[in-house]
Structure formats: structure tokens, C-alpha cells
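# Coordinate analysis (summary)
Single-letter residue listing:
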Amino acid sequence: MSLFKARDWWSTVLGEKEEFDQGCLCLADVDNTGNGQDKIIVGSYMGYLRIFNPHPVKTGDGAQAEDLLLEVHLRDPILQVEVGKFVSGTEMLHLAVLHSRKLCVYSVSGTLGNVEHGNQYQIKLMYEHNLQRIACNMTYGSFGGVKGRDLICIQSMDGMLMVFEQESYAFGRFLPGSLLPGPLAYSSRTDSFITVSSCRQVESYKYQVLAFATDADKRQETEQQKLGSGKRLVVDWTLNIGEQALDICIVSFNQSASSVFVLGERNFFCLKDNGQIRFMKKLDCSPSCFLPYCSVSEGTVNTLIGNHNNVLHIYQDVTLKWATQLPHIPVAVRVGCLHDLKGVVVTLSDDGHLQCSYLGTDPSLFQAPKVESRELNYDELDIELKELQKIIKDVNKSQGVWPMTEREDDLKVSAMVSPNFDSVSQATDVEVGADLVPSVTVKITLQNRVALQKVKLSVYVQPPLVLTCDQFTFEFMAPEMTRTVGFSVYLKGSYLPPELEGNAVVSYSRPTGIPRVSQCKFRLPLKLICLPGQPSKAASHKLTIDTNKSPVSLLSLFPGFANQSEDDQVNVMGFRFLGGSQVTLLASKTSQRYRIQSEQFEDLWLITNELIIRLQEYFEKQEIKDFACSFSGSMPLQEYFELIDHHFELRINGEKLEELLSERAVQFRAIQRRLLTRFKDKTPAPLQHLDTLLDGTYKQVIALADAVEENQDNLFQSFTRLKSATHLVILLIGLWQKLSTDQIAILEAAFLPLQQDTQELGWEETVDAAISHLLKTCLSKSSKEQALNLSSQLSTPKDTSRLKKHITLLCDRLAKGGRLCLSTDAAAPQTMVMPGGCATIPESDLEERSIEQDSTELFTNHKHLIVETPMPEVSPLQGVSE
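So, here's what we can say about the structure. (Residues numbered from 1 in each chain as written. Predicted model: local features only at pLDDT ≥ 70, side-chain atom pairs only at ≥ 80, totals over all residues. Heavy atoms only, no water.)

## As for the overall build of the chain
Condition: We count a stretch as a helix when DSSP gives it H or I for four or more residues in a row; a strand needs E for two or more, and each element gets its number in order from the N terminus. Partly exposed describes any residue whose relative accessible area lies between the buried limit of under 20% and the exposed limit of over 50%, with all areas from a 1.4 Å probe on protein chains only and scaled to the type maximum. By definition, residues are in contact when any of their heavy atoms lie within 4.5 Å. Throughout, the Shrake-Rupley method with a 1.4 Å probe supplies accessible areas, and for residues the shown protein chains are the sole cover considered.
Of regular secondary structure, the chain possesses 14 helices and 44 strands. Within the span of the chain, comprising 882 residues, buried residues form 45% of the whole. Summarising the internal contacts of the chain: among those between residues at least 6 apart in sequence, 62% fall at separations of at least 24. Accessible surface for the chain amounts to roughly 45800 Å². Of this, 51% is attributable to carbon and sulfur atoms.

Shown next, in the form of C-alpha cells:
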């Protein structure tokens, strides 16, 4: 931040909610008074043209009514204003106003007033040019060395230069290879136009070369404009600056030398006439505008550079001479002579703050009072210091660095899910099938204690669940205010979401400007994606959950899923998901067991999780605190590995399809270039079936693009199913080994690191790296394993064998007594003896293979689970027997 503020000489605010840019400000003696006093001309994107002549009574005064000479609404947005000799037959100054589709030249004149209201000013339209193309910016000068008049060159949005010789249109030329327009300037000494192309290089074109090149109106196709035809437009010189340019200015020291100044996004450059770099300066802050002008020192140039930190820097060549603080971010800066005061700095912000200032400082008249000297009691200071340190330590232990109570008091977020479906379903464009898809309303309530600004509420649910609206914005919330927003949730796809939990996140700014984030989670009902179904005996995948309490009636656990035709079957219940898959839940009468079975392994997750949650809630209502679930069967790793292989196969297939699509696209462009060359040739040659080859390649490109889209959809669905299966495996591991909440959180962080799966960073390599880290830290037995460094770069593996071995090894370590931990003590070798010992990480595939063979009996195929753990106590079902 600058120590010196710009001295405010005169300032005003233009209009209300108007926008301005770098071309909207100009200083000149536009009314041709001849006294050397400049007027301030400002145009806005709202179409307002204003001319000011500031006359402050004292320094720092605001605008008076007589300071505004003229205000006219021209209706069309004003892109740029310039003053020059634009009218033939006279050397008087006229005002050129550039609109998006029109160029207008006005004369500004004043009439002496005979009353106290003062002089009257008006503008008169001298001529106008209607543009065939949308304009971007313009420059003017004595093109071709003409004397006593200025010509105008307008650059269009598609890279065409249109030259106007005052009242008449001269010619138009397309810049070769133009993609986006850049800043444009004219150098009178070299008679050339200088711009910065979208290739991030400075380019110079001679006016004579532009004048004799092929007319742009005679070209037929855009591709021909890029390739060039006839008399080719050749660039005079180029210089690659490696960044986009904000502005270009030409400064002439004398008739024999001039410099080209280019303001980039991070640097500003000074170039010679031939494109060689004279010097460059790396900027510390992001610039917003600049203005070079000749210095009083011989051979040096001063440059004003405004940045987004509200600071205006003054450089002499590359040396910083002054820095001054502005009250706004300038988008345009000019220097002129106003009211006999030379060197006034005029700045304009994008929201219309116009300020005339000069450089200087204010002396500080404040003197610190003398402090009364007193003797210090060091014993009392030591006691006070210890008390303060104790308070700080207690606060850090209980609340962390940021006090949680303060954040909670600022804003409270709560969510309420409607117990009933919407009377009219909000589901649109669903892909579920014949089932009627319901929707449920969720209401988020925000209660704030203090005034909050820029409050933004974002809601997220797991796909294929979708929201009718997921973003809500409140610019300002008054103190003690309550806001409630509502939206509907429904299932859009034909597959199941990995979770029924939603998350509402609110970001806001406190009155002090400190940003804060609050969040609230809500749980959607199971009936949103599931309907009552017929229980089924045939099932490929089955799980058995053990409890320590007597079995509970399924009708009391799932009251909304009771089948009316099977009221007597209280221990069997069927579920049918909207996607079509079915799950059967069976409860034993005496053995305190529950069985979940389905044809798809990943479909077991939602019902299993819902069962455990509802059992916990049931026993909490009964005030039974020692309820616990466990899993004693075999870990279903084989089914889990099949889902991993399917997901990985789709990833590899996607890479192959994208590579093939890239090859066909290159082939398609090459055929296009050859055909274009044949069509441009003055002596037509046979096409040699190039058109047939082009058509065939086009059909291949379309077919491959459709295949890529289809594979991406399949990959997304496969990743969703993989997340469901991963949740189930983590749940079973936690029940199997009775892991704590922190240990389950570590497993979730290792197995579910990604919300989205991409080709650059996939699930397989990320999870493999996380599991390898656990095996080499908290689950290791030797310091040799801990010394092994993991690769810092993740890449797509060749296959999933390494990942599957590491998952098997992780389960083996947990089965032998290993425990997950992320504390600093985890790096130390564990000295306690675990049941059965804990094997080290294999150093070779042979050792890994032996461990896999040792673990075969523990992790068998889960399809044979029912044979090993029969349940004869389950109530028989019609068509279903044990």
C-alpha cells in the first residue's frame, strides 16, 4: 500500500450503474478555443457522452453544475472517443465516437450566454459511417504521410481493419490468422499499424502493404482469409511476448526515434521501431491501464501504470519514481492541462468514478504524547503472562484456532425434509423407465444474528439424484433475519446413488469482511428411490449382519414398505428400486441375524446401511445403549474386484476411443486442407476421390464421438456403482474388526478420495497410492518398510492386479490386529505383539503371491457365505426356503 495518496483536485461520479473501459476517456481542446486548456470527454457503454471543464473553487471540491459542459444520450454503447482533424477542408478538431455498428464524427461548439446560466454547448453531426462488421476499437493518424488531416482505422471483432479517409471509406483488410482482436495503435514515424494478435505476439503492418493488398470485400470464405490469396498481406515484423496485451501506446522522442510501449498482463515492454526490445519491466501487481509520455530527462520516458490494488505507479524507464494511492481501480488514465494547471492526472474507473488529481504528500502534524515513566513490577508481569498463556492454551484445546461459537452465532443453517412426496412430482426428463418418479421437498432455513453480505447457498446431492435448484444468492441479510428456500429432489437416472445424504453449504462475509463457511447435512428418505417389492429367493449375493439384541420386526423398522398381500410375513420384506433391481431383507426369529440379498452386489449397500441406521434409532428410542452390529462372514472381495475391473476396463476403452478420435480429426483436417488447395487453384485439377474420403472420415468422426459420449456415460455409472460397493466394503470392514469412527474415516479417505473420475486422475491409481501409504506407515512392522518412498507422480496403471493385492493385504493386516492411525506416533515401529503376527510388505511379487495364498481361506468368494453360515430360524416365505 502506498504511503502517499493522490491529491484530489476535482472528482465526480458519472451516472448510476454505468460501465466504462479504457477507450471511454479522452482529453483535448475539443471546442477549439485555442487557449491550450483541455476538456475531459467521457463516453459510457450506456450511450452517454459527457464533456467536462473542471473549475474547482478549492482543491478537492466535487463537480459543480457549470463543470458539465455537455451531456448527450447517443442511445448506442460508446466503445471509444478520440479527437482529431477528421473533417475535410478544415484543420479544426472534431470528436469521433465509435459505436459497435457505427462511427460518428461531431463538431463541438459553444455559444456565449447572455444570462447567468453561462455558455451553452452543443454537438453537430458532421458525418457517420455505418459499419458492416461489429467494431472493437480504433486508432487515427496521418496514414500514408498526408498533411493537415487525420484518417481513422477501425478494427472489427473478426480481425478486419477498415480505413476511412474522413467522409469516405477507403478499404478493408483482414489480418492473417486473426482469432481475437487486440489493442491497436498507429506509428506515424514508420507509417505502420501495431497490434497484438491472439498468438500473443506483437505484429506490425505497413500502411502501404495494407493499401496494396487484396481487398477484404473480394474474399469469399473465412478460411481463405486465414490462408491468404492474391496479393498476400505480409507482416513487417513480429515479437512474441508470451502474454495477452491490455494496451499499446506509441511515444516519439523526436523525428528520428520513437518507441512502442506494450502493457501485458504481468510485464510492460518498450520496443524499438523494428520490433527489438529496448527494455521490459516485470510488474508486481496485475495492471489495469497505462500511459507513457516523454520525460523531462533526455532520452527517457515516464510511464503511469495503474493496477488492481488502487495504486498508480510512475516509472522512468524501468525505475520506479513514485507510487500514489487512488480511491478506485483505474481503467483509463490521461494527463492534461486543466484550468491553467499542467500535468493533471485524470483517472476513470469502470463504475464511473472520474478524478483529477496531482502528485504530492501531506505533512503529518501529529506528535505522539510523551509516555509517563513508571517502574515495572516484573513479578506481576510474569503472573499475568502465565494467566494469558493458560487462557490461550485452553481456547486452542477446546475450540481450535477459530472460535466455533462465533461462527455458529453469525449464521445458523438447518434443513427439513418433507415427510410426504410432492403432490405434483417435479421430476422432468427422467430416464428411469415406466415407474412414476416421485419428488420430495427440502427446505433450508438461514438464521443470522448480524448483518451478512454476499450470502451464497449451494446444495449438493449424489447423482443421479438431481435438484430443481442448487444455487441461491442473497446480496445482503439484515440482522435477526430468517430466510427459507425450498427445492425438490428426485431420481433422474436408471441407477442408484451411492448415498442418500445431501449437503448444504453457505458461504458469506461477516461485517468485518472475513469470509466464513457453514454447512448442514440432510438425509433423504429411502422411499424416494425405492418401492415395496416381492421378496425373492434366488439371489447371487447375500450378506448376514449379526447383532447383540433380539430381532426387531421389519414392519416396525420399515413401515412404509409393508406389502399388503403378505401381512403375515413380518420377518421378510422386499424392496424394488426405481432402476429395476430388487433386494430382499430377512430377519431371523432367534439368532439375532439379518440377511440382505440381491442379484447385484452394489445394490446391497443402501438397504444394509438403512437397516443399521434404523436399528440404531430404534434401540436409542428404547434407551438401550449397548446395541452393536457385527459381521463374521467372509469379506466379499471377489465381487468388489469385479466392479473394479469393469470400471478400469471402461477407462482404458475411453482412452483408446479418444486417441482414435484424435487421429480421425487430424485426418479430417488434412483432407480439408487438400480440398481447399484444389478449390483455390486457378487451373482446376481432379479431386481424386478426396470428397468421398472426406465424407467417410466425417462419418467416422461422428461415430467415434458418439462412442466416446456413450463410454463416458457408462464410466460415470460404473464409478457410481463402484462407490456404492466401496461404501459397503468399508462398512463390512468396520463391523468385522469393530473399528472406531476415526478409523472408518481413514478408510473412507483412502477408498473414496475422488468425487469425480477423470482420465487424468483416476480412482485406481489414487486409491492404490493411499492404501500403499497406510501399509507403509500405520500398518507396517519394520522401519525398512517405512523408508520406502512412494512415487510422487500418479499415472494410469497397466492393470488392477497391484491394487487388488494391496486391498487384500490391507484386510490381512487388519485381520491380524493392525490398527489405522494418522498420528505422529504411527511412523514409529509398532512394538506390541499382534495376534498371529503382522507380515511385512512384500518386496517382490513372489512374496506377495505367497501372502495372497495364505489369505485365500480368509477372503473367499462371498457367494458361498450362506452355506457356511446357515439360518434355519428365518421364517419361511412362499416360494423361498432355507
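## With respect to the nonpolar core
The criterion, for reference: Each nonpolar core is a collection of buried residues, namely Ala, Val, Leu, Ile, Met, Phe, Trp, Tyr and Cys, held together in the definition by side-chain atoms within 4.5 Å.
Within the largest apolar cluster, 100 residues are counted, with the highest numbers of intra-cluster contacts made by Ile-444, Ile-529, Tyr-640 and Phe-751. If we ignore the near neighbours within four places in the chain, the residues touching Phe-751 are Tyr-640, Thr-726, Ile-730, Trp-763, Val-767, Ile-771, Ile-807 and Leu-810. Listed in part, the 18 residues of the second largest apolar core include Leu-70, Leu-74, Val-83 and Leu-95.

## Focus: the packing of aromatic side chains
Think of a pair of aromatic rings as described by two things: how far the centres are apart, and how the planes are tilted against each other in angle. Quick reminder of the rule: Each aromatic pair joins two rings of Phe, Tyr and Trp (for Trp, the six-membered one) with centres within 6.5 Å, and gets the label stacked for planes under 30 degrees apart, edge-to-face for over 60, and tilted for any other angle. A ring is considered to have a charge above it if a Lys NZ or an Arg CZ atom is located within 6 Å of its centre and within 35 degrees of its normal.
For the structure on display, the rule yields 19 aromatic pairs. Relative to Phe-279, the ring of Phe-268 lies with its centre 6.3 Å away and its plane at 90°, an arrangement referred to as edge-to-face. Remark: Phe-279 occurs in strand S23 (residues 277-282) and Phe-268 occurs in strand S22 (residues 267-271); sequence separation between them is 11 residues. The residues Phe-268 and Phe-279 share a single accessibility class, namely buried. Aromatic pair Tyr-618 and Phe-619: ring centres 5.3 Å apart, planes at 85°, arrangement edge-to-face. Taken together, the ring pairs in this structure connect Phe-143, Phe-171, Tyr-186, Phe-193 and Tyr-207 into an aromatic cluster. The cationic tip of Lys-527 hangs over the ring face of Phe-421; the distance from NZ or CZ to the ring centre is 5.2 Å.

## Considerations on the environment of Ser-198
Tracing the backbone shows Ser-198 in the loop between strand S17 (192-196) and strand S18 (201-206). Sequence-wise, Ser-198 and Gly-177 are 21 residues apart; in three dimensions their C-alpha atoms are separated by 8.7 Å. If near-sequence neighbours (up to four positions away) are discounted, Ser-198 is found in contact with Gly-177, Leu-179, Leu-180 and Gln-244.

## Here we look at the sheet that holds strand S4 (residues 39-43)
Strand-to-strand pairing in sheets goes through backbone hydrogen bonds, with the strands running parallel or antiparallel. Selection criterion: Being paired, for any two strands, means DSSP has found at least two bridges between them. All axes here are fitted lines through C-alpha atoms, helices being fitted over the stretch that makes contact, and every angle between N-to-C directions spans 0 to 180 degrees.
The strand order S3-S4-S5-S7 describes an open sheet built from 4 strands, whose pairing is antiparallel. Across the chains shown, the open sheet's two edge strands, defined by having one partner strand only, are strand S3 (25-28) and strand S7 (68-73). Taken pair by pair, the neighbouring strands of this sheet meet at an average axis angle of 15°, ignoring direction. Of the pairings in the sheet, the one linking strand S5 (residues 48-52) to S7 comprises 5 bridges and is antiparallel in character. Each residue of the ladder has a partner; that of Ile-51, found in S7, is Leu-70.

## A few points about a nonpolar patch on the surface
Rules: Grouping into patches uses exposed residues only, defined as over 30% relative accessible area, and leaves out salt-bridged ones; the cut-off is 9 Å for like charges and 5 Å for nonpolar side chains (Val, Leu, Ile, Met, Phe, Trp, Tyr). Note on definitions: salt bridges are taken to be side-chain nitrogens of Lys or Arg within 4 Å of carboxyl oxygens of Asp or Glu.
Taken together, the side chains of Leu-376, Tyr-378 and Leu-381 present a nonpolar region at the surface, about 330 Å² in accessible area. One can find Leu-376 in the loop between strand S30 (353-358) and helix H3 (378-399).

## Thoughts on the packing of helix H7 (residues 637-680) against helix H8 (residues 690-737)
Heads up, the condition is: Should an angle fall under 35 degrees it is called roughly parallel, over 145 degrees roughly antiparallel, and 65 to 115 degrees roughly perpendicular, with every other angle called oblique. The sense of a crossing depends on the near helix, which, turned anticlockwise from the far helix by less than a right angle, makes the crossing left-handed and, turned clockwise, makes it right-handed. Under the scheme applied, nonpolar residues are Ala, Val, Leu, Ile, Met, Phe, Trp, Tyr, Cys and Pro; charged residues are Asp, Glu, Lys and Arg; polar residues are all the others, including Gly.
Where H7 meets H8, the closest approach of the two axes is 8 Å, and the angle between their N-to-C directions is 160°. Between H7 and H8, the crossing angle belongs to the class labelled roughly antiparallel. The element H7 and its partner H8 pack so that their crossing is left-handed. In terms of residue class, the contact of H7 with H8 is built from 25 nonpolar, 13 polar and 7 charged.

## Here's the deal with the sheet that holds strand S37 (residues 501-509)
Taken together, 4 strands build an open sheet; the order of strands is S35-S33-S37-S38 and the sheet is antiparallel. Here the strands that pair on one side only, and so sit at the sheet edges, are strand S35 (471-477) and strand S38 (515-523). Adjacent strand axes in the sheet meet at a mean angle of 15°, parallel and antiparallel pairs treated alike.

## Considering the pattern of salt bridges
Enumeration according to the criterion identifies 21 salt bridges in this entry. The partner of Asp-29 in a salt bridge is Lys-39, with the nearest N and O atoms 3.4 Å apart. One end of the pair, Asp-29, is in the loop between S3 and S4; the other, Lys-39, is in strand S4, with 10 residues separating them in the sequence. Each member of the pair, Asp-29 as well as Lys-39, is classed as buried. In this structure, the salt-bridge partner of Glu-765 is Arg-651, at a minimum N-O distance of 3.0 Å. Within this pair, whereas Glu-765 is found in helix H10 (residues 763-776), its partner Arg-651 is found in helix H7, the two being separated by 114 residues in sequence.

## Re the pairing of strand S29 (residues 341-349)
Every other side chain in a regular strand lies on the same face of the sheet, so the side chains alternate between the two faces. Where strand S28 (residues 330-338) and S29 come together, 7 bridges link them in antiparallel fashion. By the bridge assignment for S29, Val-333 is matched with Thr-347. Hairpin connection from S28 to S29: 2 residues lie between these consecutive antiparallel strands, with His-339 at a positive phi of about 55°. Pairing analysis gives 4 bridges linking S29 to S30, with the strands arranged antiparallel. Paired with Val-346 across the bridge in S30 is Cys-356. The turn linking S29 back onto S30 is made up of 3 residues, and Gly-352 within it adopts a positive phi angle of 100°.

## Focus: H10
Let me state the cut-off plainly: The length a helix should cover is 1.5 Å for every residue beyond the first.
A rise of 1.5 Å per residue sets the reference length of H10, with its 14 residues, at 20 Å; its end C-alpha atoms lie 20 Å apart and thus fit the reference within 8%. Buried within H10 are the following residues: Trp-763, Glu-764, Glu-765, Thr-766, Val-767, Asp-768, Ile-771, Ser-772, Leu-774, Leu-775 and Lys-776.

## Thoughts on the pairing of S30
Pairing of strand S2 (residues 7-13) with S30, which is carried by 6 bridges, proceeds in the antiparallel orientation. When the bridges of S30 are listed, Asp-8 appears paired with Ser-357.

## Here's the deal with the environment of Trp-237
Test applied: Think of a polar contact as two N or O atoms within 3.5 Å of one another; within protein, one of them needs to be a possible hydrogen donor and the other a possible acceptor, and neighboring residues in sequence only count if both atoms come from side chains.
When you line up the elements, Trp-237 lands in strand S19 (residues 237-240). Through-space distance from the C-alpha of Trp-237 to that of Ile-194 is 9.6 Å; in sequence the pair is 43 residues apart. Of note is the side chain of Trp-237, whose polar atom sits 3.0 Å from the backbone oxygen of Asp-273.

## A short note on a negative patch on the surface
The line we're drawing: We score Asp and Glu as negative and Lys and Arg as positive, and we do not count His or the chain ends. Every charge is mapped to an atom, namely NZ of Lys, CZ of Arg, CG of Asp or CD of Glu.
Taken together, the side chains of Asp-379, Glu-380, Asp-382, Glu-384 and Glu-387 present a region of like negative charge at the surface. Counting through the fold element by element, Glu-384 comes out in helix H3. Taking the relative accessible area as the measure of exposure, Glu-384 reaches 44% and is therefore partly exposed.

## Structural notes on helix H12 (residues 801-815)
Helix length check: H12 (15 residues) gives 21 Å between terminal C-alpha atoms against 21 Å at 1.5 Å per residue, within 8%. Of all the positions in H12, only Leu-803, His-806, Ile-807, Thr-808, Leu-809, Leu-810, Cys-811, Asp-812, Arg-813 and Leu-814 are classed as buried. Taken from the residues just after H12, Gly-817 is the one with a positive phi, measuring 110°.

Just geometry here; none of it tells us what the structure is for.
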